[in-house]
Every structure is written in C-alpha cells, then in structure tokens.
Protein chains: 2
Amino acid sequence: MLTLHYAPNTCALASHIALEDAGATYNLRRIDFGKAQQQSTDYLRINPKARVPTLVTERGVLTETPAILAFIAQSFPRAGLAPLEDPFAFAEVQSFNSYLCATVHVAHAHRMRGYRWADEPSSFADMQRKVPKSVTAGFELIEHDLLKGPWVMGETYSIADPYLFTLAQWLEADGVDLSRLPRVIAHRARMAERASVRKAIAQETTA
Amino acid sequence: MLTLHYAPNTCALASHIALEDAGATYNLRRIDFGKAQQQSTDYLRINPKARVPTLVTERGVLTETPAILAFIAQSFPRAGLAPLEDPFAFAEVQSFNSYLCATVHVAHAHRMRGYRWADEPSSFADMQRKVPKSVTAGFELIEHDLLKGPWVMGETYSIADPYLFTLAQWLEADGVDLSRLPRVIAHRARMAERASVRKAIAQETTA
C-alpha cells in the first residue's frame, strides 16, 4: 500500500492528482506545517529533508516530485501517464518536470522561503520583490515554448500536467499578470474540470 | 548522432561523463560563457533557457540534467547505468538526481547567480555568505543519508554518480569544510580514477 504525506497548498498536490489519475489505492497523511510537523522526530525519520511530498511504498520511501511522478507512471503503466517505451518522449516529460522543480518552484520559493539562501530581512524583501518577475519568466517559457496544448505534451495527458497545474495554483499569490499566460491559464481551467483533480483537491481541503 | 552543448566547470560535465560511460558516439560543442555565447541568437534557437547542458538528438533537443541522464541510461541499456526495469530503484536514482538539481545546485548557484532571485548588491553579498552553510547542509544529507557507497546507489554504478561527482567539484569554491564529508570526498576520488571521467575532463579542458 502507498501512503502519500502531503500538506495543503504545496507541490504534493501533483503527486496526489497523479495517484488519482493512476487509479492507485493509497493512504493520505496530512503533515501540519502550521505545527511544524515536518520537523517532528517521527516525520524526519521518514523524510530527513523535512519537506513534502513523501511517498511511502512497500519497498521504502521516495521523495522529490519528479521522481515520484515517474514512479507512479511506471508502477501503473495501464494508466498511460508517460511514454514509458520511448526514451526521447519520456525525457521530454522529465525535462519539463525538472524545469518546474528546479527553476519555477525555486523562483516561487523565494517569496516565503528566502531564509534557505540568505539571512537578512532586507534580502528577503528584495527576493519577494523579484518573485513576480522571475516566476513570470519561468511561466512565459512554458507559455511560448514548452506547453504544446491541449496538454503539456500535446494530445496525450501525462504526469507533466498535474505538476504544471499545481505550480499554476500559485500564480496570483506570486503577483503574476495572468493576461500574459493565456495558454497556461486555459490549461489550468482544463485541469480543474478533471475528476481526479477535483477529488484530490477536495480530499486536501476537507481532511 | 548526439551533440552535447557544454561549458567547462558547469553541470554539463555530468551528462558528458554519462555519454562516455554509455559508450555513446557524440559530438561536443563548447559554449563560451565568457563571450555570453549562451545568449546568442543561434544558441537560443536551440535552447531558449540560455543554459547548458543541451543534448541535440535526431528526435529533437533535450535540456535539464536529470532528464538527459535518464535518457542516456534508457538509450544505452547495455551500459547498465540505471535500474530501468525496477520502478522503485529507478525512482531512487531519480530522487537523488532531482535533489542535486533542485536543492544542491540551487544552493550553489546563489554564490554567482544571485541576480536570478534578487536585485540588490547587499542581497548578493548576503547570499554569498550563506552558500557555505546551505551547500554543506545539502551535502551532509548526502553524506549521512543518501550515499550508500561505494557508489551512490550501493554496489552498482549509475547515472547518479557522475552527477554527484560534478557538483562535488565545486565544494572548495563554495567554502565547504571537506572534513565534514569524508564519504563524499572518497566518492569523488573514486570517480576521478575512472577512464570515462578522465576522458570527459580532458576533452573539456583542452577543447
């Protein structure tokens, strides 16, 4: 049995949606960031990074969204969530997810997590002022170069879609002008209509 | 034919070593950061991110180190560079690479690339002061929790090894106390003796 450790409004939503898309049977365990539960001894024993998502499997623990998403796609091949038999097409999916993880999410993180990379309040304020610009730049590359449409990889839905949807949840709070991203916003709306997305969000907001 | 676009002393070395490990036939194309060649019209047409590495394949262009490394492993399965038939073991490799990409490399990047996330010289100085601590923290998790030894994943060499080796090249410049990382340093020395690593480094330094 799989257990996904998540917190609401985090990138864990991407893995949660993918589990739903895969038709997986899984448990959900909410980590309360308000109570710093990710820093608790019990949680650090599972995930010493003190982050979410964490996917506990019968074989052991997995962390990092791109790895968890590919694991879900490979573990539930009948769901068709990634082009598993085509190394180039699979690499395109992974390249997109890596860009979200290491560039777009990192740009966003400078709004609230500046203490990871600096110490002074003036630096945090400077970082926060830059977030609308850096996050916009990340999403404009997606808008113009990466998002094929209607899904990220074109006609076929994949594990890239819930990840893009998840980070696009933060656009307003990051101060991004949505009018510059019509295709990203249309993708977000398309995703929001899917049963898997509705169910995952409902579980996270009512749990 | 594959063509790897690289610059010396960048994370492109990981993909370069993996191509050697795979026994691939490939071309190398050096991008001169000193002349801002990554910002040239010709290069931006290939990779609008203006970064390295870029791997040009017969099917199209791939970017992002974790995606390129998995692509190499999948394209040259006889080299045995990843546990391709075991979704959990493959996810462990990918999780490690994603951590290097999105946490360790990002921490390092705050030493020289602070302009990505802030605008003020005082913020850049603050970020630079924090790099020894943030990079050390990233590597200490590897030292104590992730690096199984002798290779990252244990007895079997994988695409996680050249990536760790590549980022470990920067430890001294990042101000990290090497005495805190004996296992990482032993891994670095073990890697430096491999023919694939020697050849890749020689090609990058003499090209």
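Above this text sits the structure in question.
So, how was this worked out
- Residues numbered from 1 in each chain as written.
- Chains lettered and ligands numbered in written order.
- Predicted model: local features only at pLDDT ≥ 70, side-chain atom pairs only at ≥ 80, totals over all residues.
- Heavy atoms only, no water.
- Helix = DSSP H or I, 4+ residues; strand = E, 2+ residues; numbered from the N terminus.
- Contact = heavy atoms within 4.5 Å.
- Areas by Shrake-Rupley, 256 points an atom, 1.4 Å probe, with all protein chains shown as cover.
- Lys, Arg positive; Asp, Glu negative; His and termini not counted.
- Charge placed at Lys NZ, Arg CZ, Asp CG, Glu CD.
- Buried < 20%, exposed > 50% of the residue type's maximum accessible area, 1.4 Å probe, protein only.
- Pairing = 2+ DSSP bridges.
- Right-handed = clockwise from strand over helix to strand, strands pointing away.
- Axes fitted to C-alpha atoms, helices over the stretch in contact; angles between N-to-C directions.
- Parallel < 35°, antiparallel > 145°, perpendicular 65-115°, else oblique.
- Nonpolar A, V, L, I, M, F, W, Y, C, P; charged D, E, K, R; others polar.
- Salt bridge = Lys/Arg side-chain N within 4 Å of Asp/Glu carboxyl O.
- Least-squares fit on C-alpha atoms with pLDDT ≥ 70 in both.
- Core = buried A, V, L, I, M, F, W, Y, C linked by side-chain atoms within 4.5 Å.

Considering the overall build of chain A
Tallying secondary structure elements over chain A gives 8 helices and 4 strands in all. Starting at the N terminus and ending at the C terminus, chain A contains elements arranged as β-α-β-α-β-β-α-α-α-α-α-α. By its C-alpha atoms, chain A is 50 × 45 × 35 Å across when sized along the principal axes. Within chain A, contacts between residues separated by at least 24 positions form 65% of all contacts whose residues are at least 6 apart in sequence. Carbon and sulfur atoms form 50% of the exposed surface of chain A, whose accessible area is close to 8600 Å². Distance between charge centres in chain A, computed from 22 positive and 22 negative side chains, equals 4 Å.

Quick word on helix α6 (residues 160-168) of chain A
Residues and elements named next belong to chain A. Most of α6 is tucked away, with 9 of its 9 residues classed as buried. Buried within α6 we find A160, D161, P162, Y163, L164, F165, T166, L167 and A168. Against the buried residues of α6 lie α1 (12-22), α3 (65-75), α4 (87-109), α5 (121-146), α7 (182-192) and α8 (195-206).

Overview of the pairing of strand β2 (residues 26-30) of chain A
All names here are of chain A. One ladder, built from 5 bridges, connects strand β1 (residues 2-6) with β2; its direction is parallel. Bridging from a neighbouring strand, Y6 pairs with R30 of β2. Crossover connection from β1 via α1 to parallel β2: handedness right-handed.

Here we look at the sheet that holds strand β4 (residues 61-63) of chain B
Residues and elements named next belong to chain B. Spatially, the 4 strands line up as an open sheet ordered β2-β1-β3-β4, and their pairing is mixed. The open sheet has two edge strands, β2 (26-30) and β4, and neither has a second partner. When the angles between neighbouring strand axes are averaged without regard to direction, this sheet yields 20 degrees. With 3 bridges joining them, strand β1 (residues 2-6) and strand β3 (residues 54-56) adopt antiparallel strand pairing. When the sheet's bridge partners are listed, L4 is paired in β3 with L55.

A look at the packing of helix α5 (residues 121-146) of chain B against helix α7 (residues 182-192) of chain B
Residues and elements named next belong to chain B. Taken N-terminus to C-terminus, the directions of α5 and α7 make an angle of 85 degrees; their axes are 8 Å apart at the nearest point. In terms of their interaxial angle, α5 and α7 are classed as roughly perpendicular. Listed contacts from α7 to F139, I142 and E143 of α5 are P182, R183 and V184. Split by residue class, the contact of α5 with α7 holds 4 nonpolar, no polar and 2 charged.

Some thoughts on the interface of chain A and chain B
Across the contact, 47 residues belong to chain A and 47 residues belong to chain B. Salt-bridge contacts for A:K130 lead to B:D119; the nearest nitrogen and oxygen are separated by 2.8 Å. Breaking the side of chain A that touches chain B down by element, the ones donating at least two residues are β4 (61-63), α3, α4 and α5 of chain A. Split into classes, the residues belonging to the side of chain A that touches chain B amount to 23 nonpolar, 12 polar and 12 charged.

Description of the relation of the copies chain A and chain B
Of the transformation placing chain A onto chain B, the axial shift is 0.0 Å and the rotation is 180 degrees, giving an RMSD of 0.0 Å. In short, the pair behaves as if placed about a two-fold rotation axis. Looking at the interface residues of chain A, 100% of them are also at the interface in chain B, so both copies use one shared face.

A look at the nonpolar core
In terms of nonpolar packing, the biggest core is built from 114 residues, with A:F139, A:I142, B:F139 and B:I142 touching the most fellow members. Residues within four places of B:I142 in sequence aside, it is in contact with B:F96, B:Y99, B:L100, B:V104, B:L147, B:L164, B:R183 and B:V184. Among the nonpolar cores identified, the runner-up in size contains 10 residues, and A:V106, A:A109, B:A109 and B:W117 belong to it.

Let's talk about the sheet that holds β4(A)
Residue and element names in this part refer to chain A. Pairing within the open sheet is mixed, and its 4 strands lie in the order β2-β1-β3-β4. In this open sheet, the two edge strands, each paired with only one partner strand, are β2 and β4. The average undirected angle you get between the axes of adjacent strands in this sheet is 20 degrees. Lying over the sheet, α1 contacts β1, β2 and β3 (54-56), oriented at roughly 150 degrees with respect to β1. Sitting on the sheet, α3 touches β1, β3 and β4, and the angle it makes with β4 is about 120 degrees.

Focus: the pattern of salt bridges
Residues and elements named next belong to chain B. Within this structure, the stated rule accounts for 22 salt bridges over all chains. For the salt bridge of K199 with E20, the shortest nitrogen-to-oxygen distance reads 3.4 Å. Here K199 is found in helix α8 (residues 195-206), whereas its partner E20 is found in helix α1 (residues 12-22), with 179 residues between them in sequence. Residue classification places K199 among the partly exposed positions, given a relative accessible area of 41%. Here R111 and D174 are joined by a salt bridge, their closest N and O atoms 2.6 Å apart. On the criterion of sequence distance, the pair formed by R111 in the loop between α4 (87-109) and α5 and D174 in the loop between α6 (160-168) and α7 is long-range, its members being 63 residues apart.

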